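# Tertiary structure, described
Each chain is listed here by its residues.
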Amino acid sequence: MLPYPFPGPFDYRVPAGMDPQPGDVVLVPLNRREEVGVVWDASADEGVPDRKLKPLAGLIDTPPMRSELRRFVDWVAAYTLAPPGEVMAMALRVVAHGVAAPTMGWRRADPGPAARLTEARRRVLDALASQEPRATGELARIAGVGAGVVRGMADSGLLVPAVLTAVAPFAAPNPEHPGEALSSDQTAAAAVLRQAVAARVFSVTLLDGVTGSGKTEVYLEAVAECLRQGRQALVLLPEIALSSQWLERFERRFAVAPAVWHSDLPSRVRRVTWAAVAEGAASVVVGARSALFLPFPDLGLVVVDEEHETAFKQEEGVVYHARDMAVVRARICSAAAVLVSATPSLETLANVEVGRYARLTLPTRHGGAALPSVAAIDMRATGPERGQFLAPPLIEAVRATLARGEQSMLFLNRRGYAPLTLCRHCGHRMQCPNCTAWLVEHRVRRALQCHHCGHSVPIPDECPACGAANSLVPVGPGVERITEEATAAFPDARRLVMASDTMTGPHAAADAARAIEARAVDLIIGTQIVAKGWHFPHLTLVGVVDADLGLAGGDLRAAERTVQLLHQVAGRAGRAEAPGRVLLQTFSPEHPVMQALVEGDLAAFMAREAAQRRPGHWPPYGRLAALIVSADSATVADALARDLGRAAPRGDGMEVLGPAPAPLSILRGRHRRRLLLKTRRDVAVQPILRAWLGKVTTTRGARVEVDVDPLSFL
Ligand code: ADP
Ligand code: ZN
């Protein structure tokens, strides 16, 4: 099996004296080059005569890919319809990247350059934003530039040489190191999870507990049991860059840090971590979704924390959902899987309902803290003044919180200053030239930027359509604009903005968290970053600036996702002694989503969602698979979409919706059309999709992407 999108493995002749076994990593000739591949389990294709086979070029001295991982690769490929080689590449990437490790790399010069930079040079500096030095080859690869660009930057003093960080050996976490004393609810739940791990058979348990109930402490006991069993544990987190508090808690429990895995690690660290996992030296890994493809020899536990998070879905390359594939990985390894959330997905709840997954609940907050009280602010009745976005009751509440010396948070899930810029004179709207999307103003950077393709232009002085001067006006708020308003309203408050574009690098989030814990901040203003599992004991007020935001567009899960997100943000308030309060600014306080949040009755809301989706066989009570057609021209995209439409499968319990232009009908200059296959739950979509795709031929420049169980419909 080669790490490329071929439909299957290739046959090679075994030279005398070589005895490769399935899983061995080998070098083979391919198109006059030598490539790294893995001996796969498939039997040889008898149709190919022996003399036509090329010989294996050699064995690579690295731990073989074990049968469990090979079966996992095959499973993911079959389920997602991705070429198996492309899936295998995720498990092999590390080995393929050269053998001799460089010892010197580059760091950004300090202070940063004031000079104008080429796009390529800017990308190189971005790749070094994390302060971690990187070797020339790696840096060039990440930035997508030639090595010459890197060397040129070094010559002109933009980069300075730095010794690459050595990787500390992985110390063994100590399960007997004393942890926190657990409450009786926690103790009971931990006992069940310990048992599931000790059973050494496959199981799935949902750990469902209200925000602040101490779920982490509970599943760390499952990790401890896994260590006692001598097996390895994997904890998946949706955003590893935001997990500084989690890492601190792990260290408190086990006296050492876990191995960390994500795609942004310097290659050197990746290589060492990968080898340590393969040898069993790294016994606990905390990572992003790609950690599922690490070579664990004996995986006994997989935890998926915040299992409802859409960040677990990989939308590019191999399109897979890490939560679902974590369950598959656990099954193949006879391991326990634990899915953790205060707002479980309807998919997981449906699996609990039919008895496939067990469920544990923690009904109260740890240490006697109460859940926050939630109220809606009706923006029609008590809305803000014209051109403002914070309603008087919210401003009042922030003032009162500040006066008590407690912390407040304003949440708006939108980066930048304003989502739309238009000309007051002619009505022209600033649009991305490559995408069906408005350009978002980023005032701090003085730029208009596309959030889909990254296209960025300076804010023009004149309208590009009518030429009127100073006529461009921002429409609607982003988090920068809220910050501006908050600065005027609360001039003495110490503010901190948390958004993905202002907090770059692995330390930015940790520094922010520390500043908040140390009460060096009074007012936090942020995007969805602030909804993550943070524990800020002095935060007592959360204001949601636009609670209706996620409901627009109305995809299948818009309501479910809005409830989950807003309940998670709300859950940041009042986690210690002082009670928490949450205010939702909304234009429709009567909406079931707002009602569910105000009443805190998520179970009733999810039951209602279930009742709405069940009759029409919508997920999780039916299956969906999307085909996304894209091409350089609208004509080619339309033609291919039409062909697919004509070849659409027909049958009992299935239906095809589309073709239709995608909501993002142009993305990065490509024209996009969508088709959606919808079937009953008992229908396997993969054979249908394979037969369907086999009936059409894709022309040059056109592409069909398959998304099984789509979460995004853009
Ligand atoms: P959840 O993940 O359920 O929202 P956390 O796991 O973040 O909740 O726990 C909330 C807070 O309570 C954390 O600061 C955690 O360290 C603390 N905590 C949880 N359980 C205990 C315990 N048994 N003893 C002391 N502190 C605890
Ligand atoms: Zn764009």
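For the structure, check the block above.
We now turn to the structure provided with this report.

Analysis parameters
Residues numbered from 1 in each chain as written. Chains lettered and ligands numbered in written order. Predicted model: local features only at pLDDT ≥ 70, side-chain atom pairs only at ≥ 80, totals over all residues. Heavy atoms only, no water. Near = heavy atom within 4 Å. Polar contact = N/O pair within 3.5 Å; in protein donor to acceptor, adjacent residues only side chain to side chain. Areas by Shrake-Rupley, 256 points an atom, 1.4 Å probe, with all protein chains shown as cover. Helix = DSSP H or I, 4+ residues; strand = E, 2+ residues; numbered from the N terminus. Pairing = 2+ DSSP bridges. Axes fitted to C-alpha atoms, helices over the stretch in contact; angles between N-to-C directions. Contact = heavy atoms within 4.5 Å. Phe/Tyr/Trp six-rings, centres within 6.5 Å; stacked < 30°, edge-to-face > 60°. Donors = N, O, S within 2.8 Å, 3.2 Å for Na, K, Ca; no water. Tetrahedral: all angles 85-135°; square planar, octahedral: opposite > 155°, others 65-115°. Core = buried A, V, L, I, M, F, W, Y, C linked by side-chain atoms within 4.5 Å. Buried < 20%, exposed > 50% of the residue type's maximum accessible area, 1.4 Å probe, protein only. Salt bridge = Lys/Arg side-chain N within 4 Å of Asp/Glu carboxyl O.

## A word on the site of ligand 1
- For ligand 1, the set of nearby residues contains 16 residues, the closest of which are Ala 181, Gln 186, Gly 212, Lys 215 and Arg 249.
- Between ligand 1 and the protein, one listed contact pairs an oxygen atom with a side-chain N or O atom of Arg 249 at 2.5 Å.
- Contact distances for ligand 1 include 3.1 Å between an oxygen atom and a side-chain N or O atom of His 535.
- Summarising the interface, the protein chains cover 85% of the accessible area of ligand 1, which totals 560 Å² for the free molecule.
- Counting residues per element, the shell around ligand 1 draws most heavily on helix H7 (residues 215–228), at three residues.

## Focus: the sheet that holds strand S6 (residues 203–209)
- Pairing in this open sheet of seven strands is parallel, and the strands run S8-S9-S7-S10-S13-S6-S14 from one edge to the other. Strands with a single pairing partner mark the edges of an open sheet, and in this sheet they are strand S8 (259–261) and strand S14 (358–362). Sheet twist, expressed as the mean angle between neighbouring strand axes with direction ignored, is 20°.
- Here strand S7 (residues 232–236) runs beside strand S9 (residues 284–287); their pairing, made up of four bridges, is parallel. By the bridge assignment, Ala 233 is partnered in S9 with Val 284.
- Sitting on the sheet, helix H6 (residues 184–198) is in contact with S6, strand S10 (299–305), strand S13 (336–341) and S14, with an inclination near 155° to S14.
- Running at roughly 170° to S10, H7 makes contact with S6, S7, S9, S10, S13 and S14 of the sheet.

## A word on the packing of aromatic side chains
- Inspection of every chain in the model, using the stated rule, returns eight aromatic pairs.
- Aromatic pair Phe 250 and Phe 254: ring centres 4.7 Å apart, planes at 40°, arrangement tilted. Of the two residues, Phe 250 and Phe 254 are both situated in helix H8 (residues 244–254); the distance of four residues between them amounts to about one turn of the helix.
- Ring centres 5.7 Å apart and planes at 85° place the aromatic pair Phe 293 and Tyr 320 in the edge-to-face group. Placement of Phe 293 in the loop between S9 and S10 and of Tyr 320 in strand S12 (residues 320–321) is noted, with a sequence separation of 27 residues between them.

## Quick notes on the sheet that holds strand S19 (residues 447–449)
- If you trace the three strands from one edge of the open sheet to the other, you get S18-S19-S20, paired in antiparallel fashion. The open sheet is flanked by strand S18 (440–442) and strand S20 (456–458), the only strands paired with a single partner. Strand after strand, the sheet turns through a mean of 30° between neighbouring axes, direction not considered.
- Alignment of S19 against S20, held across three bridges, turns out to be antiparallel. Across the sheet, residue Leu 448 finds its bridge partner in S20, namely Val 457.

## What to know about the coordination of the zinc ion (ligand 2)
- The protein atoms that coordinate the zinc ion (ligand 2) are Cys 432 (SG), Cys 435 (SG), Cys 450 (SG) and Cys 453 (SG), at distances of 2.2 to 2.4 Å.
- With four donor atoms in place around the zinc ion (ligand 2) and angles of 103 to 114° between them, the coordination shape is tetrahedral.
- One chain supplies every donor for the zinc ion (ligand 2), spaced along it as C-x2-C-x14-C-x2-C. Taken as a pair, Cys 432 in the loop between strand S17 (420–423) and S18 and Cys 450 in the loop between S19 and S20 lie far apart in primary sequence, 18 residues in all.

## So, the environment of Val 563
- Structurally, Val 563 can be placed in helix H16 (residues 558–570).
- The spatial distance from the C-alpha of Val 563 to the C-alpha of Pro 161 is 49 Å, given a sequence separation of 402 residues.
- With sequence-adjacent residues up to four places away left out, Val 563 is seen in contact with Val 593, Leu 597, Leu 602 and Phe 605.

## Comments concerning unusual backbone geometry
- Of note, the bond from Pro 619 into Pro 620 is cis; its omega dihedral lies within 30 degrees of zero at 5°.
- Here Pro 620 shows up in the loop between helix H18 (602–613) and strand S26 (622–631).
- Residue Arg 32 is not a glycine yet carries a positive backbone phi of 65°.
- Its place among the elements puts Arg 32 in the loop between strand S1 (25–30) and strand S2 (33–38).

## Describing the nonpolar core
- Counting 121 residues, the largest nonpolar core has Leu 292, Met 498 and Leu 689 as its most contacted members.
- In terms of residues, this core owes the most to one element, helix H10 (residues 322–332), which gives seven residues.
- When sequence neighbours within four positions are dropped, the list of residues in contact with Met 498 reads Met 503, Ala 512, Ile 516, Ile 524, Ile 525, Gly 526, Thr 527, Ile 529, Val 530 and Trp 534.
- Counting 30 residues, the second largest nonpolar core, distinct from the first, contains Ala 189, Val 223, Val 286 and Leu 360.

## Remarks on the pattern of salt bridges
- Evaluated as defined, the whole model comprises 39 salt bridges.
- Between Asp 682 and Arg 680 there is a salt bridge, with the nearest N and O atoms lying 3.2 Å from each other.
- Taking relative accessible area as the criterion, Asp 682 reaches 62% and is therefore assigned exposed.
- One salt-bridge network, held together by shared partners, links Glu 119, Arg 122, Arg 123 and Asp 126.

Purely spatial values, then, with no claim about function.
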